[in-house]
Every structure is written in structure tokens, then in C-alpha cells.
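Notes for the structure review
Spelled out from the first residue to the last, the chains are:
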Amino acid sequence: MRKVFFILFALLLAGSSPSFASKWIELNPEKVKFRSQVIVLGTYNFKSKQKSSKGIFYGRQFQVEKVYKGEAGEIITAGIDSHDNGWAEEFQQEGGKFLLFLEKTKEARFLVPVAGPNGMVQVQAYQEMRIFMDRY
């Protein structure tokens, strides 16, 4: 019985694919704002070819609608956690946008959200007006 267990265990290990796990520390909004080099509002283009990095982020084209901090063109490459693609695409299909607080890291050649989900804020249409009003 022990031999069967070890054989099954060995087969499971041999057939497994590499996976990434991530755990993010929650940062307060002031720290996220301070760490960010670029803050933009817009949407990811999930049909664009993704760019890889040394970490868990993939780079995707991001259509910029507004720039709140730093400099950014109309289209930039912004990182997204590999585990966030599904829900983020679904959120956008329902009319949502993202306010990204982006920073440079050693692991990627593109900007990534500060501490993962801390730098990726979901925005609905009615919230856009609030962001605009708070700024001015």
C-alpha cells in the first residue's frame, strides 16, 4: 500500500505544472499614492499580446483615458497579476475601468500596480465623476 501511495505521489508531482502564489500586504492609500510613479484611469486590452516578466505580472496594453500623476501616452503597457485576468476582464465587460497606481520594479520592463491589488482600483461610471470632482 505504501508503494502505491509513493507511485501515485510521484506521478502527481511529475504531471504538475509550475504555479505562482501571491500574498499581498495591505497598504494604506497614502503609501500607495506615495509609491506610485504614474496614476492613470482606463482599461486593459485583454486581446493584446501579453508580455512576460520575472515575477507574477504580465504586461498588457492599457488604454489611458486620464493621467493623474506622472506621464503616460494614450496606450501604455501595464502589469496585471496573472491571477487577476479573469475577473478583471469580466469587470471591464460590465463597463468598469481601473484606476492604476503604477511603479517600476526590477522584475518587469513595464509599470506594475503598487503591491498588486493595492494599486489596482475598480471604478464604475458614477465614480469617475467623483474622481474628477475631488481633483478640482
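Before reading on, note that the structure itself is shown above.
To keep things clear, this report deals only with the structure shown in the data block. (Residues numbered from 1 in each chain as written. Predicted model: local features only at pLDDT ≥ 70, side-chain atom pairs only at ≥ 80, totals over all residues. Heavy atoms only, no water.)

**Details of the pattern of salt bridges**
Any two side chains of opposite charge can pair if their charged atoms end up close together. In plain terms, the rule: By definition here, a salt bridge exists when the distance from a side-chain nitrogen of Lys or Arg to a carboxyl oxygen of Asp or Glu is within 4 Å. A run of H or I in DSSP counts as a helix once it spans at least four residues, and a run of E counts as a strand once it spans at least two, with each numbered from the N terminus. Only protein chains enter the area calculation, which uses a 1.4 Å probe; residues under 20% of their type maximum are buried, those over 50% are exposed, and those in between are partly exposed.
Applying the stated rule across the entire model yields two salt bridges. Close ionic contact of glutamate 103 with arginine 35 constitutes a salt bridge, the shortest N to O distance being 2.7 Å. Separated by 68 residues along the polypeptide, glutamate 103 in strand β4 (residues 97–103) and arginine 35 in helix α2 (residues 29–35) bring together distant segments of the chain. Residue arginine 35 is classed as partly exposed on the basis of its relative accessible area of 32%. Put simply, lysine 97 and glutamate 65 hold a salt bridge, and the shortest N to O gap is 2.8 Å.

**Some words on the side chain of serine 36**
Short version of the rule: Any two residues whose heavy atoms approach within 4.5 Å at even a single point are treated as in contact.
Structurally, the position occupied by serine 36 is in the loop between α2 and β1 (38–45). Judged by relative accessible area, which is 2%, serine 36 ranks as buried. Ignoring anything within four residues of it in the chain, the contact list for serine 36 reads Lys69, Phe101, Leu102 and Val114.

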